Amino acid sequence: MSSSAPNPKRHIDPRAVVIGQRIRTKRELLGFTTEELGSMIGVTRNAVTQYETGRATPKPKRFEALAVALGTTTTWLLTGNEPDELARAQTKAELEALQMLRSLPLDRQEIFLDMLRGLSDVKSKK
């Protein structure tokens, strides 16, 4: 009778799990499926799932592509910290807009952002 040793579970790095949670949070906030995000960065849906669960860590080039696709920085993906210039309002007008946005119910925030996008498009076409 042969006895086989139990299959040791693969160690998952807790840092990879936290990074994966940030990836998933950003993806869900942006409304992307794992398949859509994978397509944007050139990997499969399964690879994105592996990143999000911490079972795999993206290579540096892929990590940069993830940050771009998710509209964030590699610093935020790694640490959860945004550079000060991205995390804080720079002018009184930015602060006021941010305060207004935060005071709106979630369903109205997208309307607010659409209005800003529309204004931005008008300015850039001049």
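Residues numbered from 1 in each chain as written. Predicted model: local features only at pLDDT ≥ 70, side-chain atom pairs only at ≥ 80, totals over all residues. Heavy atoms only, no water.

Section: the overall build of the chain
Then, in step 1: Regarding its fold elements, the chain presents eight helices and zero strands.
Then, in step 2: From first element to last, N terminus to C terminus, the chain shows the α and β order α-α-α-α-α-α-α-α.
Then, in step 3: For the chain, the proportion of its 126 residues judged to be buried stands at 23%.
Then, in step 4: Within the chain, counting contacts between residues at least 6 apart in sequence, those at least 24 apart form 45% of the total. (Helix = DSSP H or I, 4+ residues; strand = E, 2+ residues; numbered from the N terminus. Buried < 20%, exposed > 50% of the residue type's maximum accessible area, 1.4 Å probe, protein only. Contact = heavy atoms within 4.5 Å.)

Side note on helix α4 (residues 60-69)
Then, in step 1: Looking at α4, one finds that the buried residues are Phe63, Leu66, Ala67 and Ala69. The buried side chains of α4 occupy one side of the element, clustering within an arc of 165° when seen end-on. In α4, those exposed residues whose orientation departs by more than 90 degrees from the buried face are Lys61, Glu64 and Val68. (Arc of directions from axis to C-beta.)

Let's talk about the confidence of the model for the chain
Residues shown with low pLDDT carry predicted positions that ought not to be read at fine detail.
Then, in step 1: Mean pLDDT for the chain: 84, with 82% of residues reaching 70 or above.
Then, in step 2: Element-level pLDDT for the chain is lowest in helix α6 (residues 84-87), with a mean of 60, against a maximum mean of 97 in helix α3 (residues 45-53). (pLDDT = per-residue confidence, 0-100.)

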